[in-house]
Amino acid sequence: MIDKRAKKILMDHHWKSGWIDRQNRQSDEASIAYARSKGFWFDPIEITHDALVGWIGEVRSRVTAREVGDAFLASLSTRRLDLRSALGSFGYLAHFPDHGCDPLDDFGRTRCRVCWYMEGAPGDKEDLNVLNFERHKWGGVRHGQPIYAWFDLSRFVESESVAPTDEDRRLLRGIIDIAEGLPDDARPAQLADALKDVVKSNANERKVLIQILSLAGVLQPEGLGGYFTEFTPTSERKQSALHYNDWTYPALWWRGSDRVNWAAVAVYFPDL
């Protein structure tokens, strides 16, 4: 069960009618200690690219497609967005390669051309609490970033399992039916709008839901590399030239004509 007090401490630290600026985030030590004791608060970590790749391989081996599929299903009626997130991270990492950093200079910082992870300068640390906040607030927003995907699955393996119900399966069938029936030129935003009467959610949650299904290959743009049968390196991902299009890859290229990839449905939701 989610500890409501610990979750509120995490959420209130980051959000008040919008993001709270980093320098203005405040929580008392007693609250932090309580949230930490319930698995909602984490110390920042310093990690190298190659160490992160190793951690990803270890946690991925502990999770199955069926488990994250069931968690996604269960999230539809319970609105447990932290459980929903795991499908996106697993989908992204399903074929994540064991690789060393292929360095690219990015304004003096080193990124990896394969996974786009950017190591900080010595002493820089990753803020895991903001990642946890995003898991619970929207179901994640950074599934295509290795640090988030690793953290997300690491939390998932420590969470209690929630069995999906017949109602959850009905909700997913409704989502799939709408995706199958949209006009050929429909875009992800139109799908998101069409889902507002299907699953209890707000606009941001529906957007993330669609992006998660795309990461898992259920909503797979035809002719583009994704993650269901391969890992598409960052340098090979087709990006939009429109600065205002903030849909993530590969969801941003899904169109109504792509319909639903039933092979992915069979892997993640075999009892649908």
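Above this text you will find the structure in question.
Bear in mind the structure is a predicted one, so any value in this text is a computation, not a measurement.

### Things to note about the overall build of the chain
Helix and strand counts for the chain come out as 11 helices and 2 strands. Ordered by position from N to C terminus, the α and β elements of the chain give α-α-α-α-α-β-β-α-α-α-α-α-α. Taking 19 Å as the expected radius of gyration for a compact globule of 272 residues, we find that the chain reaches 18 Å, a close match to that expectation. Viewed in the frame of its principal axes, the chain has a C-alpha envelope of about 50 × 45 × 35 Å. Burial analysis of the chain (272 residues in total) assigns 50% to the buried set. Residue pairs in contact within the chain that sit at least 24 positions apart in sequence constitute 72% of those at least 6 positions apart. Looking at the chain as shown, the accessible area adds up to about 13,300 Å², and 49% of this sits on carbon and sulfur atoms. Distance from the positive charge centre (35 side chains) to the negative charge centre (40 side chains) of the chain: 5 Å.

### Section: helix α2 (residues 29-37)
Along α2, the positions that sit buried rather than exposed are S31, I32 and A35. Burial along α2 is one-sided: seen end-on, the buried residues are contained in an arc of 100°. When the buried face of α2 is taken as reference, the exposed residues oriented beyond 90 degrees from it are E29, A30 and S37.

### Thoughts on unusual backbone geometry
Here the amide bond leading from Y249 into P250 is cis, since omega sits at 0°, within 30 degrees of zero. Summarising the element assignment, P250 is placed in the loop between α10 (203-215) and α11 (262-268). In this structure, R79 is a non-glycine residue whose phi angle is positive, near 60°. Take R79: it is sitting in the loop between α4 (65-78) and α5 (81-93).

### Structural notes on empty space enclosed by the protein
If you walk through the whole model with that rule in mind, you get 1 cavity of 30 Å³ or more. For the largest cavity, the calculated volume is near 50 Å³. If you go around the largest cavity, the residues you meet are R66, D70, L73, R169, Y268, F269, P270, D271 and L272. Sort the elements by how many residues they give to the lining of the largest cavity and α4 lands first, with 3 residues. The class makeup of the residues in the lining of the largest cavity is 5 nonpolar, no polar and 4 charged.

### Comments concerning the pairing of strand β1 (residues 103-106)
Inspection of the sheet shows β1 paired to strand β2 (residues 109-112) by 4 bridges, in the antiparallel sense. Following the sheet pairing, P103 is matched in β2 by C112. Counting the residues in the hairpin turn of β1 and β2 gives 2 residues, including F107, whose phi is positive at 55°.

### Quick word on the packing of α4 against helix α8 (residues 166-181)
α8 packs onto α4 with a crossing angle of 95° between their chain directions and a minimal axis gap of 8 Å. If you check the angle between α4 and α8, you find them roughly perpendicular. Facing α4, whose interface residues are F72, L73, A74, L76 and S77, α8 presents D168, R169, L171, L172 and I175. Counted by class, the contact of α4 with α8 contains 7 nonpolar, 1 polar and 2 charged residues.

### With respect to the environment of R259
Along the chain, R259 falls in the loop between α10 and α11. Separated by 79 residues in the primary sequence, R259 and E180 have C-alpha atoms spaced 4.7 Å apart. Once residues lying within four places of it in the same chain are set aside, the contact partners of R259 are A179, E180, L182, P183, D184, V218, L219 and W254.

### Remarks on the side chain of D82
Structurally, D82 can be placed in helix α5. On the basis of relative accessibility, which here comes to 6%, the residue D82 falls in the buried class. Looking at D82, its side chain comes within polar contact range of the side chain of R80, at 2.9 Å. Setting aside anything within four residues of it in sequence, one finds D82 in contact with I2, R135, H136 and D152.

Rules of the game
Residues numbered from 1 in each chain as written. Predicted model: local features only at pLDDT ≥ 70, side-chain atom pairs only at ≥ 80, totals over all residues. Heavy atoms only, no water. Helix = DSSP H or I, 4+ residues; strand = E, 2+ residues; numbered from the N terminus. Rg over C-alpha atoms; globule rule 2.2 N^0.38 Å. Buried < 20%, exposed > 50% of the residue type's maximum accessible area, 1.4 Å probe, protein only. Contact = heavy atoms within 4.5 Å. Areas by Shrake-Rupley, 256 points an atom, 1.4 Å probe, with all protein chains shown as cover. Lys, Arg positive; Asp, Glu negative; His and termini not counted. Charge placed at Lys NZ, Arg CZ, Asp CG, Glu CD. Arc of directions from axis to C-beta. 1 Å grid on protein atoms, 1.4 Å probe; cavity = no way out; pocket = protein on both sides within 12 Å on 5 of 7 lines; lining within 4 Å. Points joined across faces, edges and corners; volume = space filled by probe spheres on them. Nonpolar A, V, L, I, M, F, W, Y, C, P; charged D, E, K, R; others polar. Pairing = 2+ DSSP bridges. Axes fitted to C-alpha atoms, helices over the stretch in contact; angles between N-to-C directions. Parallel < 35°, antiparallel > 145°, perpendicular 65-115°, else oblique. Polar contact = N/O pair within 3.5 Å; in protein donor to acceptor, adjacent residues only side chain to side chain.

That is the geometry; function is a separate question.
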